[in-house]
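Coordinate analysis (summary)
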Amino acid sequence: MNVASRFHVFLTSCLAVFMVLSCENPNIKTEIGRENQLETEQNAQINLEGIALMYKYKCAICHGENGVSVMKNAPNLVTTEYNMEERVAIIMYGKGTMPPQKDVLDMPTIRGLAMYIDSLK
Ligand code: HEC
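So, here's what we can say about the structure. (Residues numbered from 1 in each chain as written. Predicted model: local features only at pLDDT ≥ 70, side-chain atom pairs only at ≥ 80, totals over all residues. Heavy atoms only, no water.)

Another aspect to go through is the pattern of salt bridges. In this structure the tally under the stated criterion is 3 salt bridges. E85 serves as the salt-bridge partner of R111, at 3.4 Å between the closest nitrogen and oxygen. Of this pair, R111 sits in helix α5 (residues 107–120) while E85 sits in helix α4 (residues 84–93), placing them 26 residues apart in sequence. We note a salt bridge from R87 to D118, for which the minimum N-O separation is 3.1 Å. Here the residue R87 occupies a position in helix α4, and D118 occupies one in helix α5, the gap between them amounting to 31 residues. By relative accessible area, which is 40% here, D118 ends up partly exposed. (Salt bridge = Lys/Arg side-chain N within 4 Å of Asp/Glu carboxyl O. Helix = DSSP H or I, 4+ residues; strand = E, 2+ residues; numbered from the N terminus. Buried < 20%, exposed > 50% of the residue type's maximum accessible area, 1.4 Å probe, protein only.)

Okay, here's the thing in structure tokens:
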């Protein structure tokens, strides 16, 4: 092979590589991005439903299904002034007659419950 035809082969391979690269569908990445986002939204949805159920099982007997207290001493959660961190602490360690949950529920659930209270307002 002489220098000219070697150069020709080189050019042709460059062109081939370029064509393969430019064939990659640019929409694929956005598609995957969109799917991931959808999945995250669905997970959040499922978790939120799980948390709502957990609230009904664990908290509603005292604080009421809608956060309006059904037990003497248990405060209305609809009007609670406690912020996220304080709620998390109270749910973890309990307070007064409220039972601690730190050995019963995992942290994501405890945080979820603390957040869920906002949705009752
Ligand atoms: C046995 C009844 C009972 C159960 C079950 C219960 N709590 Fe409570 N909760 C209380 C009482 C009583 C207080 C008030 C404690 C105090 O201030 O002495 C309280 C306080 C709170 C507070 C502070 C609100 C405020 O404004 O004072 C939050 C937040 C809270 N509970 C969330 C929850 C969550 C979430 C659950 C479910 C995991 C739960 N509680 C389960 C009785 C209960």
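For the rest of this paragraph, the subject is unusual backbone geometry. Here N73, not a glycine, exhibits a phi torsion of approximately 80 degrees, which is positive. Tracing the backbone shows N73 in the loop between α3 (60–63) and α4. The exposed category is assigned to N73, whose relative accessible area is 62%.

So, about the site of the ligand. Residues in contact with the ligand amount to 22 residues; listed here are only the nearest, C59, C62, H63, T80 and M98. Here a nitrogen atom of the ligand sits 2.8 Å away from a polar atom, N or O, in the side chain of H63. For the ligand, an oxygen atom lies 3.4 Å from a polar atom in the side chain of K95. Of all the secondary structure elements, the ones that give two or more residues to the shell around the ligand are α3, α4 and α5. Grouping the amino acids of the shell around the ligand by side-chain chemistry returns 13 nonpolar, 6 polar and 3 charged. (Near = heavy atom within 4 Å. Polar contact = N/O pair within 3.5 Å; in protein donor to acceptor, adjacent residues only side chain to side chain. Nonpolar A, V, L, I, M, F, W, Y, C, P; charged D, E, K, R; others polar.)

On to α5, then. In this model, α5 (14 residues) spans 20 Å end to end at C-alpha, consistent with the 20 Å of a helix rising 1.5 Å per residue. Turning to α5, its buried residues are T109, I110, G112, L113, A114, Y116, I117 and L120. (Expected span 1.5 Å × (residues − 1).)

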